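Topology and contacts: notes
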Amino acid sequence: MGKGDENDDGLGCKKYGVPLYGAAWVPPAAAVREGSAAESESSVSHNLSRYVVLAGGGGEGHSGIQNAVLLSAFDFESNSLSDEPAAKLGTGSDLPYRTTVHPGGEGLMCSFLKSCRWFEWDSTTSTEEHTLSLKSSEISLEKLEDVGQQLAMTFNNEGSLLAVGGEKQDGKLRVFKWPSMESTLDETNVHASVKDLDFSPDGKFLVSVGSGPARIWNVATSTSAASLPKQNDEIFGYAKFSRASDTDQVLYITANRDKGGSISKWNTTSWKRIRSTHVSRDPVSAFNVSPDGKLLAIGTIQGDILILSCASMRVQTVVRKAHLGLVTALAFSLDSRALVSASLDSSARVTLIKDNKKKDGMSLSTILFVILLAIAIYYARSKDYLPLKL
């Protein structure tokens, strides 16, 4: 194994009996609903920030594998997920293929074969513990009924907008105000199939990827702002915005080519490609960016997980065979301390983010070389071995 590589040690990984297609961390605000005491918010949020939500199943066939949305508890100290789901909500014959969690803790959206459904958190507080489960919502999403399977769904950071993108028989990009479901964007022929969507941190832009070039949309005007072209044999797969600093933001797009997976970095003012980096010999099957803007994570069709530095685009950690099947979903915790992943092999895993001893930029050996060189030049000058002007 190369430097930074590690084998799957089995810690933090559990199998739940259903192929998993979605994974996300439960927002702390999910516990603090109407009627919750203000003084308990901190303890409740701390407790429930350790939950992950998973979704998947066997589909419409007669495989005997249930379709369900699951909650699993994660213990940071032992780096382990709960052996059994903390809560489980069956979805009948409908497979929850895509999921997105409302950032304000209101609930969870799931995409099924023909429609989308909304689920709500059900929090119970006692003197001894706080528990969380899911329940079906009475909210009807009429504008997302019988629209075909939506392959991409996301809320903006404020939770005030919902974007969904359909596959071939639908092929639309839709943006709605939440929760009124007032339509603000309804575009056909954006891509043959919309594979991924993401709002920029400042909420001004929405990126969509699928067949053809990536598209940038101005959220305020609901118009196309830019088209990002592919290079050579690239096939764009996933796109995520990230903050490079408090004032700047960047866009990352994954692409699969004959030689494997790569990540391209884009300027969000000029919409020009900054660089492309080959990161994996295997195709990328999942992608995400940490909330603190420092890390990227990819999952591959071989079940590997790679964690990279946003600044240097170098691979920091590789977990070989983190899953036995392809990685279907990745999500960083809100504090960027952990990464949850899900797979078709019915397993979910949490990988803790290790402190990187090396700082982005110059390596330690390079820094030492520069220091020694500066010392040598200083002493050489003092002995008139070098001219005063270099």
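This structure is a prediction, so every number in the text was calculated from the model and none was measured. (Residues numbered from 1 in each chain as written. Predicted model: local features only at pLDDT ≥ 70, side-chain atom pairs only at ≥ 80, totals over all residues. Heavy atoms only, no water.)

1. As for unusual backbone geometry
The test is simple: The way it works is that DSSP assigns letters per residue, a run of H or I at least four long becomes a helix, a run of E at least two long becomes a strand, and they are numbered from the N terminus. Exposed residues in this analysis have more than 50% of their type's maximum accessible area, buried residues have under 20%, and partly exposed residues fall in between, with area computed by a 1.4 Å probe over protein chains only.
Look at the link from Trp-178 to Pro-179: it is a cis peptide, with omega at 10°. Phi is positive for Met-181, close to 60°, though the residue is something other than glycine. Note that Met-181 resides in the loop between β14 (172–177) and β15 (183–188). For Met-181, a relative accessible area of 7% puts it in the buried group.

2. Focus on the pairing of strand β20 (residues 235–243)
Note the threshold: One requirement defines pairing of two strands: DSSP has to find at least two bridges between them.
Pairing geometry for β20 and strand β21 (residues 249–257), over 7 bridges, is antiparallel. Each bridged residue has a counterpart across the sheet, and for Ser-242 the counterpart in β21 is Val-250. Linkage of β20 to β21, two consecutive antiparallel strands, is achieved through a turn of 5 residues.

3. Some details on the environment of Ala-338
Using the following cut-off: Whether two residues touch is decided by their heavy atoms; if any such pair falls within 4.5 Å, the residues are in contact.
Relative to the elements of secondary structure, Ala-338 occurs in strand β29 (residues 338–343). Put simply, Ala-338 and Ser-290 are 48 residues apart on the chain and 9.2 Å apart in space, counted from C-alpha to C-alpha. Residues in contact with Ala-338, not counting those within four places in the same chain, are Trp-25, Phe-76, Ala-331, Phe-332, Ser-333, Val-350, Thr-351, Leu-352 and Ile-353.

4. Topic: the nonpolar core
So the rule is basically this: For the purposes of this section, nonpolar cores are sets of buried Ala, Val, Leu, Ile, Met, Phe, Trp, Tyr and Cys residues that join through side-chain atoms within 4.5 Å.
In this structure, Leu-20, Trp-25, Leu-54, Leu-70, Leu-81, Val-340 and Val-350 are the most contacted members of the largest nonpolar core, which totals 19 residues. Where this core is concerned, the elements lending two or more residues are β3 (20–25), β4 (51–56), β5 (68–75), β28 (327–332), β29 and β30 (347–352). With residues near it in sequence (within four places) discarded, Leu-70 still touches Tyr-16, Val-18, Leu-20, Val-52, Val-53, Leu-54, Pro-85, Ala-87 and Lys-88.

5. Section: the sheet that holds strand β22 (residues 260–267)
Strand-to-strand pairing in sheets goes through backbone hydrogen bonds, with the strands running parallel or antiparallel. Condition: Geometry is summarised by axes, namely lines fitted to C-alpha atoms with helices restricted to the contacting stretch, and by angles between N-to-C directions that run from 0 to 180 degrees.
Taken in spatial order, the 4 strands make up an open sheet running β20-β21-β22-β23, and their pairing is antiparallel. In this open sheet, the two edge strands, each paired with only one partner strand, are β20 and β23 (273–280). Between one strand and the next, the sheet's axes are offset by a mean angle of 20°, whatever the strand orientation. Judged from the 6 bridges that link them, β22 and β23 form a sheet pairing that is antiparallel. In the sheet register, Ser-264 faces β23, and the bridge partner there is Ser-276.

6. A closer look at the pairing of strand β18 (residues 214–218)
Of all 5 residues in β18, 4 are buried, a share of seventy percent or more. What sits between the antiparallel neighbours strand β17 (residues 205–210) and β18 is a turn of 3 residues, in which Gly-212 has the positive phi angle 80°. Direction of pairing for β18 relative to strand β19 (residues 223–228): antiparallel, over a ladder of 5 bridges. Its bridge partner lying in β19, Asn-218 is registered against Thr-223. Between β18 and the antiparallel strand that follows it, β19, lie 4 residues; Ser-222 among them carries a positive phi value of about 55°.

7. Quick notes on the environment of Glu-106
Note on placement: Glu-106 falls in the loop between β8 (98–101) and β9 (108–111). Here Glu-106 falls in the partly exposed class, since its relative accessible area comes to 32%. Along the sequence, Glu-106 and Ala-30 sit 76 residues apart, while their C-alpha atoms lie 6.3 Å from each other.

8. A look at the side chain of Ser-137
Test applied: Whenever a nitrogen or oxygen atom comes within 3.5 Å of another N or O atom, the pair is scored as a polar contact, on the condition that within protein one atom can donate a hydrogen and the other can accept it, and that pairs from neighbouring residues in sequence are kept only if both atoms are in side chains.
Its location among the elements puts Ser-137 in the loop between β11 (130–136) and β12 (150–155). Since its relative accessible area comes to 17%, Ser-137 is described here as buried. At 3.1 Å, the side chain of Ser-137 forms a polar contact with the side chain of Glu-120. Each residue touching Ser-137, except ones within four places of it in the same chain, is listed here: Trp-118, Phe-119 and Glu-120.

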